[in-house]
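Summary of the model geometry
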Amino acid sequence: IEQHSQHPLARAVMDFAAGRDITPAAVTGFHSHAGHGVSASVKTSSKTQTLRLGQPAWLESEGVSLDDHRKTLARFEGAALTPVAVALDDHCIGLLGLADGLKADSEAAVARLRKAGLKVVMVTGDGEATAKAVAEKAGIDEVHAGVLPEDKAGLVKSIRAEGHVVAMVGDGINDAPALAAADVGLAIGTGTDVAMESASLTLMSGSLNGVADAIEISRATTRNIRQNLFFAFFYNLLGIPLAAGVLYPIWGLTLSPVYAAAAMSLSSVTVVTNANRLRRFQSSRQGARP
């Protein structure tokens, strides 16, 4: 059933199966239940049955009993694993424990964002125990766990309503509504096409350092624009009165048309030269290249 899903967890399952030379069986009627799991029909030896895979709570709401698996589920959560249950019709036939390991540079990337004066918040559909364990390793203080896709967008809107500017970072289908609802949506380049279509900006790599790099260069660009505006207004405020002869009755100062033309050209050269300094921009990332 996972061979038809674009969810990152589905790719993890498929990679696991491929590493053990497991060939996926054919299924029909695949359906994705956003924030919950996936379902399809599978033909067994005797009949066609419904196969479901997803959050344990969702399967229980569908009438699947997990009473015989409480200890395993508790062990998964204690080990900071995301539990995924598999059911055939109304019977649980298996459990998966998935670990969303931190990338080596994630902690450093979060530290850079916090140093830049940003508040970092984790919003995830995973369980609270798993989410808090990952957040603690990454250095994130505020965590919202067990959040459905539509609730992610609602959370973004509520934070914006408080007067904050929100940048949402995501890579999956479930992140798309929140990416579209944020002031700035940043999609991870290794994520899904839907996330990249919904975002304002797509990062080329899967590293969170790309988020910090994007914010740093955007701030540098804004500073550059303000500097260029100052230079442009400075030249005009100084040159126009001289060219108009405003100072001639007082100090006898005038501006020759030749010098006026040179000053205008120098204004353009100053602005363009200052803007070109951005080509030498270097982020605060350790070992970063221009």
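If you're wondering where the values come from, they're calculated on a predicted model, not measured in any experiment. Residue indices begin from 1 for each chain and proceed along its sequence in written order. Per-residue local features are limited, in this predicted model, to residues with pLDDT of at least 70; the limit for side-chain atom pairs, both in listing and counting, is 80 or more; totals at the level of whole chains, interfaces and linings are taken over all residues. Side-chain numbers here rest on the full set of heavy atoms in the structure, without hydrogens or water.

1. Some remarks on the overall build of the chain
- Helix and strand content of the chain: 11 helices and 10 strands.
- In terms of overall dimensions, the chain is more spread out than a globule: its C-alpha atoms have a radius of gyration of 28 Å, far above the 19 Å expected for 290 residues.
- Projected onto its principal axes, the C-alpha positions of the chain cover 105 × 40 × 35 Å.
- The cut-offs for exposure are 20% and 50% of the maximum accessible area for each residue type, with area from a 1.4 Å probe on protein chains only; residues under the lower value are buried, those over the upper are exposed, and the others partly exposed. A burial count over the chain gives 33% of its 290 residues as buried.
- Working rule for contacts: check all heavy atoms of both residues, and any pair within 4.5 Å makes them a contact. Sequence-distant contacts, at least 24 apart, represent 43% of the contacts inside the chain between residues at least 6 apart.
- Accessible surface for the chain amounts to roughly 17600 Å². Of this, 57% is attributable to carbon and sulfur atoms.
- Residues scored as positive are Lys and Arg, those scored as negative are Asp and Glu, and His as well as the terminal groups of each chain are ignored. The atom standing in for a charge is NZ when the residue is Lys, CZ when it is Arg, CG when it is Asp and CD when it is Glu. Counting 26 positive and 28 negative side-chain charges, the chain places the averaged centre of each group 10 Å from the other. In DSSP terms, a helix is any run of H or I states spanning at least four residues, a strand is any run of E spanning at least two, and both are numbered starting from the N terminus. To get the radius of gyration, use the C-alpha atoms; to get the globule rule, take the number of residues to the power 0.38 and multiply by 2.2 Å. Throughout, the Shrake-Rupley method with a 1.4 Å probe supplies accessible areas, and for residues the shown protein chains are the sole cover considered.

2. Digging into the sheet that holds strand 9 (residues 184-188)
- Two strands pair if DSSP finds at least two bridges between them. Taken together, 3 strands build an open sheet; the order of strands is 8-9-10 and the sheet is parallel. For this open sheet the edge positions go to strand 8 (167-170) and strand 10 (201-203), each flanked by a neighbour on one side alone. Going across the sheet, the axis of each strand differs from the next one's by a mean of 25°, ignoring polarity.
- As defined by bridge partners, strand 8 adjoins strand 9 across 4 bridges and the pair is classed as parallel. Looking at strand 9, one finds that methionine 168 is bridged to glycine 185.
- Axis definition: a line fit to C-alpha positions, over the contact stretch in the case of helices; interaxial angles, taken between N-to-C directions, run 0 to 180 degrees. Contacts between helix 9 (residues 209-244) and the sheet are confined to strand 8, strand 9 and strand 10, with strand 10 contributing the most and set at about 130° to the helix.

3. A word on the side chain of asparagine 224
- Among the structural elements, asparagine 224 can be located in helix 9.
- Judged by its relative accessible area of 4%, asparagine 224 is buried.
- Non-local contacts of asparagine 224, meaning those with residues more than four positions away in its chain, are made with Asn274, Ala275, Arg277 and Leu278.

4. Some words on a nonpolar patch on the surface
- Residues form patches when they are more than 30% accessible in relative terms and have no salt bridge. Like charges link within 9 Å. Nonpolar side chains (Val, Leu, Ile, Met, Phe, Trp, Tyr) link within 5 Å. Salt bridges, as used here, are contacts in which a Lys or Arg side-chain nitrogen is within 4 Å of a carboxyl oxygen on Asp or Glu. Residues Ile225, Leu229, Phe233 and Leu237 make up a contiguous nonpolar surface patch of about 440 Å² in total accessible area.
- Within the element layout of this structure, leucine 229 appears in helix 9.

5. Side note on the sheet that holds strand 4 (residues 82-88)
- Pairing is antiparallel across the open sheet formed by 5 strands, whose spatial order is 1-2-3-4-5. At either margin of the open sheet sits one strand with a lone partner, and together these are strand 1 (28-33) and strand 5 (91-98). Going from strand to strand, the sheet's axes swing by 15° on average, the running direction of each strand aside.
- Pairing between strand 2 (residues 37-43) and strand 3 (residues 48-54): 7 bridges, direction antiparallel. Bridging from a neighbouring strand, lysine 43 pairs with threonine 48 of strand 3.

6. Some remarks on the pairing of strand 2
- Within strand 2, 5 of the 7 residues are buried, which leaves it mostly tucked inside the rest of the structure.
- In the sheet, strand 1 pairs with strand 2 via 4 bridges, with the strands oriented antiparallel. In the sheet register, histidine 31 faces strand 2, and the bridge partner there is serine 39.
- Between the antiparallel neighbours strand 1 and strand 2 lie 3 residues, among them glycine 35 with a positive phi of about 80°.
- Adjacent in sequence and paired antiparallel, strand 2 and strand 3 are bridged by 4 residues.

7. Considerations on the pattern of salt bridges
- This structure, assessed with the given rule, holds 10 salt bridges.
- Where aspartate 213 meets arginine 112, a salt bridge forms, and the shortest distance between an N and an O atom there is 2.9 Å. Within this pair, whereas aspartate 213 is found in helix 9, its partner arginine 112 is found in helix 4 (residues 106-115), the two being separated by 101 residues in sequence. Each member of the pair, aspartate 213 as well as arginine 112, is classed as buried.

8. Regarding the side chain of asparagine 228
- The topology assignment puts asparagine 228 in helix 9.
- For asparagine 228, a relative accessible area of 12% gives the class buried.
- Non-local contacts of asparagine 228, meaning those with residues more than four positions away in its chain, are made with Val271, Asn274 and Ala275.

9. Considering the nonpolar core
- Side-chain atoms within 4.5 Å link the members of a nonpolar core, which is a set of buried Ala, Val, Leu, Ile, Met, Phe, Trp, Tyr and Cys residues. In terms of nonpolar packing, the biggest core is built from 16 residues, with Leu113, Met122, Ile140, Leu203 and Val211 touching the most fellow members.
- For this core, the secondary structure elements donating two or more residues are helix 4, helix 5 (128-138), strand 9 and helix 9.
- Every residue in contact with leucine 113, bar those within four places of it in the chain, is listed here: Leu118, Val120, Val211, Ala212 and Ile215.
- One finds Ile1, Val42, Leu53 and Val84 within the second-largest nonpolar core, a separate group that totals 12 residues.

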